[in-house]
Structure formats: structure tokens, C-alpha cells
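# Fold and geometry: a report
Here are the chains, one letter per residue:
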Amino acid sequence: MAERIFSWLIMVCALLVVAALLWVLSDVVLQGAAHFSWQFLFDAPTDAGRGGGIAPILVSTLWLLLIALTVALPLGLGVAIWLSEFASSNSRFANSTGITLDILAGVPSIVYGLFGNAFFSIYLGLGFSLLSGGLTLACMILPVFVRTCEVGLRTVSNDWRRGALALGMTRSTAIWHILLPAARPAIVAGLILSIGRATAETAALLFTSGYVDRMPGSLLDSGRALAVHIYDLAMNVTGGDGAAYASALVLVTLIIVLNTLAQSLVDSWFKRRLVLA
Amino acid sequence: MFNNSINNQADRRLNFLLLIVASATGLLLAIIILFLLNESWPFFANRWRDGTWLQLFYGQSWYPLESQFGMAPMILSSLAVTVGAVVLALPLGLGSAIYLQFYASPRWAQSFRLLLNVLAGIPSVVFGLWGLTRLVPLITSWQPPGASLLAAILVLTLMILPTIALTSASALASVPRELLAGSMALGLRRNSQILHIFLPAARSGISSGVLLATARALGETLAVLMVAGNVVQNPSGLFEPVRVLTANIALEMAYAMGDHRASLFASGLLLTMLVWLLSWFAHRVVRAHKQALQYG
């Protein structure tokens, strides 16, 4: 009896969850598709976003992502390698860096928005611009990316390091040809997590990259990200729901496409490296 | 163990380079915290002597233009929304994880997992949009005004459900197989196996996933802002509109000046501290569990 009630409960839970999630997903896909056309991707918005398309907004979104990744990826990978391969485990500096990273990984994105506004926009004088928005995003994704890569590198078996040493490899060569390729899954995971967070972000961008929906002329122009566009259409523009759903569909598709791209890019890059080595 | 073996130029150069990169990053992280402190400092400095800075935590009235900075209603609303969402999402997520792990056929499990993964990647603003255009009208037709504590709780629940279900499922999957064999040999029923063997063994993984989701719910800004109604008042009923701390920052940052702006930074610090406490707690849970496994 108890067994039957228990499995019933579990089934009901699963069913509820599937139903609710499918409801959201189908709404986004159906309503988005109803308002979507290929022209939507290539037109500028008109009438506060009710009509026209999202071309300048897509361009701003991609610029923001590009800036964030260009800054965060090399820095993050460097810090991860240093933490796992070079820093001694009882070094004060390494420990405090680790703790700070953990704290910052959990800080709400709106707080990054506050920081970005105070530091990049006002203190460094970048104003409301793609550059200050992108740099704020970089700060936001850095802790998560470092931590996932570091964990990935640490889980590579020490036998590989000993083997590399025995072959007379320098540590740099070992890292480049053996440890990084071996930690590939973690690096991909970190990359996907970072892309997802940066593309989906709204709160951190409101006060750093701004609302302007024109095509950005330079990196010091203000630009509106796709997520901010959805927020603005839903909250401040009556009758903008159709365009908002279409933008939401584009945003979700964009994230999925970028993730697939990141996965295959990292895969092919490391495959070549292993063949050369 | 390999730290004392640098004996060539290339490695020394790389070590030096990475040390610079790491120091720069450390500096950046320090700057973030210092800037938050620095920007909220005027607020505390002006109110330190007469003790009114504590009003931030227990004051009931939020009239920043008349220098009344009471955030208690918003702090309470933030907590109510977060607790509500976790209380709803925990049983549902855990139930789905158990279904995924023990009841579903492999093909079902695969598509369920795919659905959860897709939804875990959906931006929060999309959940907000859905809540605003679907959920709020639904609640309005039942109990106006619609934009309310309940709407915020439901949207957040949907948002954190995939995370809780996926982390719990992977925690359950990493329970050693010997425990399954042992419990079967004892002739335990399926439900006793799950309730008394698997859930306790996966406890630390599940609770760290839940704490992660809690931090996410607490820090979520726009999804909540879009559906919660944003009236500054104590959360007295499920159908009352409320304003949470994060939404307050997003709404007022655009025009805040002077002490008002500083008080928003102070609330940002407060949020950071809450999240910090949560992650410290998560650390403790995981470590205590590891020790129990070692010595138990």
C-alpha cells in the first residue's frame, strides 16, 4: 500500500513538472513563431519595438558577449592553470583568491550592475556603453569560469603529470599538450555556463550598457541587449508582447546555437592538439 | 607535489606570467568589494553617530526622498519569495529526480532530462515575460490585482525547478551501487530503499543543489520585478503585491542620488552578505557529510 502511494506521488510530481515546463516552452515557441519572420532579424525596431525587427539589438548582444569572452576567457584560464598547477596548496594568496572567487560566484547579478555602474561607467568614465557592459559581464562570468576549469584540471590524474615529467617535458609543454586537452569537458562546461549567463543577463546591463536601441557605431556607444529588449517590451511598451515573445524565441535559439558552437570549437581545437602531440 | 620542480626558463616565464594574471584577477575581485563598500559608505557615515543606520534593517518606511530608509518590508518580501519558491520547488524537484532515477524508462528519462536541460538554460527574463503575460492575468481573474507575492513565487519556482531536479538526480546517481545491492539483499521495498538508503546517502549533493537554487532565487531581479507588483509593503498575503530588494535596486538606481544611491549600494552589500552566508552554510554541510562518511 505504502509502496503504491509513494510511486503515485512520485509520478504526480514528475507529471506536474513536465506539464508546467512544457507549458512555458510551448508558449514561448508558439507565440514567438507567430510574430517571427526572417525580416525580423534584419530590420531596425520601429514604434518603440512594437514593429520592425531586432537587428541593432542582436549586434549589441553579440558585441557584449564578444567583449566579455575576450576578457574573461584568457584571464580565467590563466588563473585556473596557476591555481591548480603552480600555486602551492598552502599559499595564502592562492587560498584567499579561491575564497574570493567562491563569494563572487554567488553574488547576485544586479550587484554586478551596481559595481559596473560605479566603476566602469563613472569612475573610469566609460559612460553607458557596450564596453562598460561587456566588462561588467566579464567580471560576472570570471569566477564561475575559473572555478569550473580549475576543478577540471585538478581532476586530471597525477599519473599524467608524472608521465610528462618522466618524458622530460617542461611543465608548460605538459599543460599545453596534455593537461588542457585532458580537462576539455570541464572547459567546455565552463564556457557554456559563461555564455549562457552572459547572453541571458539583464540586471547587470541596465545601468552599464543602457537602453538605446540604435545600431551601435562604436564600442563606446550605448547598446541594448536582447534580454533588456524583452524586459523593456514586456514592462514599458503596451502591445509589445508579440515582439517580446519573438525576441525571447530568438534569444533561446541563440543560446542553444552558441553552446553547440562552443562545444564543437573546443572539441576540434583540442583534437588537433592531441594529434600534433 | 610538483611545486618545487621548476628548473627551466620556459616554466619560470610561464609561472611569472600566470602569477601576474592571477594577481590582476585578485586585484579585480578586491576592487569589486572595495567599490561596493566605498559607494555605500556615505550612507553609513552620515548615520553612524546617531545609530539611525540600523533603520535600514528594521525601519518600516521607505521614503528615500525624505531620508527615510527602512528596508524591512523589502527584506521580508525577498525572504518570503525565496522561501516560498524553495518550499514549492524542493518536493517537486526531488520527486522528479527520483522519477528520473528509479521509475522512468531509459527513453523517457532521456527526454525528461533534455527538457530539464533546455529549461535550465532559459534566461530568467523569459520566465518573467511568461509570468507577466500568462500567469498574472490568470491570477487576476481569480484574485485581483494579480501581480503579487504568489505570482513571484510561482515564476521563481519554475525557474529553479530544473536546477534542483538535475542536481538531485546527479546526486542520486552517484550513490554507490553496493548500497543498492545491499538494500535489495535485505529485501527492502522500493520506497524504503529510496527514502531510507538513497536520499540520506545523497543528502549532501541534494542540499548543495538546493542552496545554489536558493541563492539564485534570492538574487533574481527582473523575473520577480516583472510579476510582483512592486509595492513597498510587508508581505501580508499571497495576493498582495510586494517589492523585493533586488527589484528595488533595479527600479530606483536610474534616478537615485546622494544618500539614496548609497543606500541602494548598501542593500547590494546586504544581498551579497546573505548569499555569502548561504554558500558558507553549503560548505559546512558538504564538509560535515564528508567527515561523517570518513569516520562513520
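Residues numbered from 1 in each chain as written. Chains lettered and ligands numbered in written order. Predicted model: local features only at pLDDT ≥ 70, side-chain atom pairs only at ≥ 80, totals over all residues. Heavy atoms only, no water.

If you look chain B up in an unreviewed UniProt entry, it shows as Phosphate transport system permease protein from Dasania phycosphaerae. Comment text from UniProt for chain B, heading Function (unreviewed entry), reads "Part of the binding-protein-dependent transport system for phosphate; probably responsible for the translocation of the substrate across the membrane." UniProt, in its Sequence similarities (unreviewed entry) section for chain B, records the words "Belongs to the binding-protein-dependent transport system permease family. CysTW subfamily." (UniProt positions renumbered as here; feature names shortened; annotations may be inferred.)

Chain A is annotated in an unreviewed UniProt entry as Phosphate transport system permease protein PstA of Dasania phycosphaerae. UniProt, in the comment section headed Sequence similarities (unreviewed entry), describes chain A in these words: "Belongs to the binding-protein-dependent transport system permease family. CysTW subfamily."

Now for the overall build of chain B. The secondary structure content of chain B amounts to 12 helices and two strands. Ordered by position in the sequence, the α and β elements of chain B form the string α-α-β-β-α-α-α-α-α-α-α-α-α-α. For chain B, the spread of C-alpha atoms along the three principal axes comes to 70 × 70 × 35 Å. Burial status across chain B gives 51% buried among its 296 residues. Taking as baseline every contact in chain B between residues at least 6 positions apart, the subset at least 24 positions apart corresponds to 69%. Here chain B has roughly 14000 Å² of accessible surface; of this, 65% comes from carbon and sulfur atoms. (Helix = DSSP H or I, 4+ residues; strand = E, 2+ residues; numbered from the N terminus. Buried < 20%, exposed > 50% of the residue type's maximum accessible area, 1.4 Å probe, protein only. Contact = heavy atoms within 4.5 Å. Areas by Shrake-Rupley, 256 points an atom, 1.4 Å probe, with all protein chains shown as cover.)

Let us look at the UniProt feature "domain: ABC transmembrane type-1" (unreviewed entry) in chain A. Following the UniProt record, the feature "domain: ABC transmembrane type-1" (unreviewed entry) maps to residues 58-262 of chain A here. Helix makes up 76% of residues 58-262 of chain A and strand 0%, with an end-to-end C-alpha separation of 18 Å.

All names here are of chain B. Interaxial distance between helix α3 (residues 72-103) and helix α4 (residues 106-120) falls to 9 Å at its minimum, and their mutual angle equals 145°. Crossing of α3 against α4: the hand is left-handed. Between α3 and α4, the residues in contact are Ser-96, Tyr-99, Leu-100 and Gln-101 and Ala-109, Phe-112, Arg-113 and Leu-116, respectively. Considered class by class, the residues forming the contact of α3 with α4 number five nonpolar, two polar and one charged. (Axes fitted to C-alpha atoms, helices over the stretch in contact; angles between N-to-C directions. Left-handed = near helix turned anticlockwise from the far one by under 90°. Nonpolar A, V, L, I, M, F, W, Y, C, P; charged D, E, K, R; others polar.)

All names here are of chain A. One pass over the full model with this rule turns up 11 salt bridges over all chains. Residue Asp-102 is joined to Arg-147 by a salt bridge in which the shortest nitrogen-to-oxygen separation is 3.0 Å. Taken together, the residues span a long stretch of sequence, with Asp-102 in helix α4 (residues 92-106) and Arg-147 in helix α6 (residues 130-154) at a distance of 45 residues. For Asp-102, a relative accessible area of 30% translates into the label partly exposed. (Salt bridge = Lys/Arg side-chain N within 4 Å of Asp/Glu carboxyl O.)

A separate point is the interface of chain A and chain B. The partner chain B presents 73 residues to the 76 residues of chain A that form the contact. Of the roughly 6900 Å² buried between chain A and chain B on both sides combined, carbon and sulfur atoms contribute 81%. Run the count over chain A and chain B and you get one salt bridge. The closest approach of N and O atoms between Arg134(B) and Asp27(A), which form a salt bridge, is 2.5 Å. In this structure, the connection of chain A to chain B is made through six residue pairs in polar contact (both at pLDDT 80 or more). The dominant element in the side of chain A that touches chain B, judged by the number of residues it contributes, is helix α1 (residues 2-35) of chain A, at 20 residues. Of the residues assigned to the side of chain A that touches chain B, the class counts are 56 nonpolar, 12 polar and eight charged. (Buried area = accessible area lost by both parts, 1.4 Å probe. Polar contact = N/O pair within 3.5 Å; in protein donor to acceptor, adjacent residues only side chain to side chain.)

A few words on the UniProt feature "transmembrane region" (unreviewed entry) in chain B. All names here are of chain B. Here, UniProt's "transmembrane region" (unreviewed entry) annotation points to residues 16-37, 74-100, 112-130, 150-173, 194-215 and 262-282. The annotated region residues 112-130 carries 84% helix and 0% strand content, and the separation between its end C-alpha atoms amounts to 21 Å. In residues 262-282, the share of helix is 100% and the share of strand is 0%. The end C-alpha atoms are 30 Å apart.

UniProt marks residues 54-83, 103-124, 130-153, 174-196 and 243-262 of chain A with the feature "transmembrane region" (unreviewed entry), using the numbering shown here. In this annotation, residues 54-83 of chain A is assigned 97% helix and 0% strand; the end-to-end C-alpha distance for the span is 42 Å.

Let us look at the environment of Val252(A). Its place among the elements puts Val252(A) in helix α11 (residues 241-276). The class for Val252(A) is buried, based on a relative accessible area of 13%. Counting along the chain gives 199 residues from Val252(A) to Gly53(A), while the straight-line C-alpha distance between them is 16 Å. Apart from residues lying up to four places away in sequence, Val252(A) is in contact with Ile122(B) and Pro123(B).

Further remarks concern the packing of aromatic side chains. Following the criterion strictly, the structure yields 17 aromatic pairs over all chains and no others. Seen in terms of ring centroids, Phe36(A) and Phe40(A) are 6.1 Å apart; in terms of plane orientation they differ by 65°. Their pairing is edge-to-face. Look at Phe40(A) and you get buried, because its relative accessible area is 5%. With a centroid separation of 4.9 Å and an interplanar angle of 70°, the aromatic rings of Phe102(B) and Phe198(B) are classed as edge-to-face. (Phe/Tyr/Trp six-rings, centres within 6.5 Å; stacked < 30°, edge-to-face > 60°.)

Here we take up the layout of surface pockets. Residues and elements named next belong to chain A. Size it by volume and the second largest pocket reaches roughly 470 Å³. Lining the second largest pocket we find 17 residues, and of these Leu-73, Leu-191, Ala-262, Leu-265 and Val-266 sit closest to its centre. Those elements giving two or more residues to the lining of the second largest pocket turn out to be α3 (55-86), α9 (184-200) and α11. Ranked by residues supplied to the lining of the second largest pocket, first place goes to α11 with seven residues. (1 Å grid on protein atoms, 1.4 Å probe; cavity = no way out; pocket = protein on both sides within 12 Å on 5 of 7 lines; lining within 4 Å. Points joined across faces, edges and corners; volume = space filled by probe spheres on them.)

Take the UniProt feature "domain: ABC transmembrane type-1" (unreviewed entry) in chain B next. As annotated by UniProt and renumbered to match this structure, "domain: ABC transmembrane type-1" (unreviewed entry) occupies residues 75-282 of chain B. Helix makes up 79% of residues 75-282 of chain B and strand makes up 0%, while its end C-alpha atoms are separated by 22 Å.

Before going further, it helps to examine unusual backbone geometry. Backbone geometry at Asp47(A) places phi at a positive 55°, although glycine is not the residue there. Inspection of the secondary structure puts Asp47(A) in the loop between β1 (45-46) and β2 (51-52). In this structure, Asn230(B) is a non-glycine residue whose phi angle is positive, near 60°.

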